[in-house]
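Listed below, chain by chain, are the residues.
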Amino acid sequence: MASRRLAQRARRLTACAAATVAAGAFAQAGTAALADCHGIASDSERLACYDRASGRGAAARPAAAAPAVIPPKETATPLANAAAARAAPASMIDAAWDFDPASPRYDIRFYKENYFLVGRYTSDVNTAPFGPLYEVIGVPPENVNNTEAKFQLSFKGRLWTTDDRRVGLWAAYTQQNQWQLYNGDASRPFRETNYMPELFVSYRPDVELPGGFRWKLVNFGYTHQSNGRTDVLSRSWDRILASFGAENGNLGVFADVWYRIPEKDEEDDNPDITDYYGHGMLSALYRWRGHSFAGWLRGNVSTGKGAVQLGWTSPPFFGPLRAYVQFFSGYGESLIDYNWKQTTIGAGVALSDGL
């Protein structure tokens, strides 16, 4: 029994000694390996060396967590707002009058129609205004052709506006010319030129109306119109004018009312002009697949005199140019003809449809 116990104790002592020797050997090897790792310059290689020396394998290392992807914070920048606003479909009136808050503070745009009628034919040539002038110099009245050219240039510019673009101050200029282009005998003169500067304030009510219409525009200001001539050919008048515009999809309807500023009798070249032009005008514009159909009606109910004009503008066919046809009937196609009744029709090209 005693000898058996002694043998078991000897075996235990032998195992402990072997373990101690092995641990010492491992410690010496690990120390040597750690010393080797210390001299490695690369961070990733040095870390791998330490892992091997310590007995920690690559499988024991937890995978590096992927960096969290933080979604970019949405910020409303003026540029983003402007792009979003322009991407949204704007109304015809908003676009024409720069009511979009992202529109330029100061801008120049088309105003009324801009066109050139290559040929415009009249049913009744007006030579009456030129009679007294030629009578004074002792020659027959000027020969005026039934067919002439006619063109109009019209621009407006915003001078001031609120930050939301809902109120603005505008200046405008429109010039219309009747040109005896085919009258070589008379040296192809301009038969009539009308100048019309304007200054007015625009406002966007944006009020819903019956029938699906929306009230989009109010203009109020001053208008001067004259032909820049003297003596018997002079024509001019000054007005306070208010305009109202509403739309329903591609249809815009407008109403203008005006008050003529009185002049002294001795300075008034056309005291009865409101008998023919009246005190207001109704107009409409409809756009369909690039075409524009426009018309207006004005007159004086008490005198039964007035005029109507219709126009068709095609889609662009050569750059910005569009085909244009214009029909007019009544009094006052131009200031020199304010009390002359005629029917005219002309064809040419246009840059804008009046809105």
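The preceding data block contains the structure.
Each value, and the rule that gives it
- Residues numbered from 1 in each chain as written.
- Predicted model: local features only at pLDDT ≥ 70, side-chain atom pairs only at ≥ 80, totals over all residues.
- Heavy atoms only, no water.
- Helix = DSSP H or I, 4+ residues; strand = E, 2+ residues; numbered from the N terminus.
- Buried < 20%, exposed > 50% of the residue type's maximum accessible area, 1.4 Å probe, protein only.
- Polar contact = N/O pair within 3.5 Å; in protein donor to acceptor, adjacent residues only side chain to side chain.
- Contact = heavy atoms within 4.5 Å.
- Pairing = 2+ DSSP bridges.
- Phe/Tyr/Trp six-rings, centres within 6.5 Å; stacked < 30°, edge-to-face > 60°.
- Lys NZ or Arg CZ within 6 Å of the ring centre and 35° of its normal.

Peer 1: Please clarify how the side chain of Asp353 should be interpreted in this entry.
Peer 2: Its place among the elements puts Asp353 in the segment after strand S14 (341-352). Residue Asp353 is classed as buried on the basis of its relative accessible area of 8%. Side chain to side chain, Asp353 and Ser292 meet in a polar contact 2.7 Å long. Not counting residues up to four positions away in its chain, the partners in contact with Asp353 are Glu113, Leu285, Arg287, Ser292 and Thr313.

Peer 1: Even after reading the chapter, I still don't get the environment of Ala186, so can you show me in this structure?
Peer 2: Locating Ala186 in the fold gives a position in the loop between strand S4 (167-179) and strand S5 (190-203). Using a relative accessible area of 22% as the deciding quantity, one classes Ala186 as partly exposed.

Peer 1: Explain the pairing of strand S13 (residues 321-331) to me, please; I cannot follow it from the model alone.
Peer 2: Side-chain direction in a regular strand flips from residue to residue, so the side chains alternate between the two faces of the sheet. Pairing of strand S12 (residues 305-318) with S13, which is carried by nine bridges, proceeds in the antiparallel orientation. For Leu310, the partnering residue across the bridge sits in S13 and is Phe327. Where S12 hands over to S13, the hairpin turn is made up of two residues, of which Gly319 adopts a positive phi near 60 degrees. Here ten bridges tie S13 to S14, and the two strands are oriented antiparallel to one another.

Peer 1: Is there a simple way to think about the packing of aromatic side chains in this case?
Peer 2: Given two aromatic rings, their pairing is described by the distance between the two centres and the angle made by the two planes. This model, assessed by the stated rule, comprises 14 aromatic pairs. With a centroid separation of 6.2 Å and an interplanar angle of 75 degrees, the aromatic rings of Phe151 and Phe190 are classed as edge-to-face. With a gap of 39 residues between them, Phe151 in strand S3 (residues 147-161) and Phe190 in strand S5 connect regions that are remote in the sequence. Taking relative accessible area as the criterion, Phe151 reaches 15% and is therefore assigned buried. The interplanar angle of 50 degrees and the centroid separation of 5.3 Å between the aromatic rings of Trp237 and Tyr277 together place this pair among those described as tilted. Placement of Trp237 in strand S8 (residues 236-248) and of Tyr277 in helix H6 (residues 274-277) is noted, with a sequence separation of 40 residues between them. An aromatic cluster is built from Trp97, Tyr111, Trp170 and Phe200, whose rings are joined through pairwise contacts. It is Lys156 that lies over the ring of Trp97; its NZ or CZ is 4.5 Å from the centre. If you follow Lys156 out to its NZ or CZ, it ends over the ring of Trp170, 5.6 Å from the centre.

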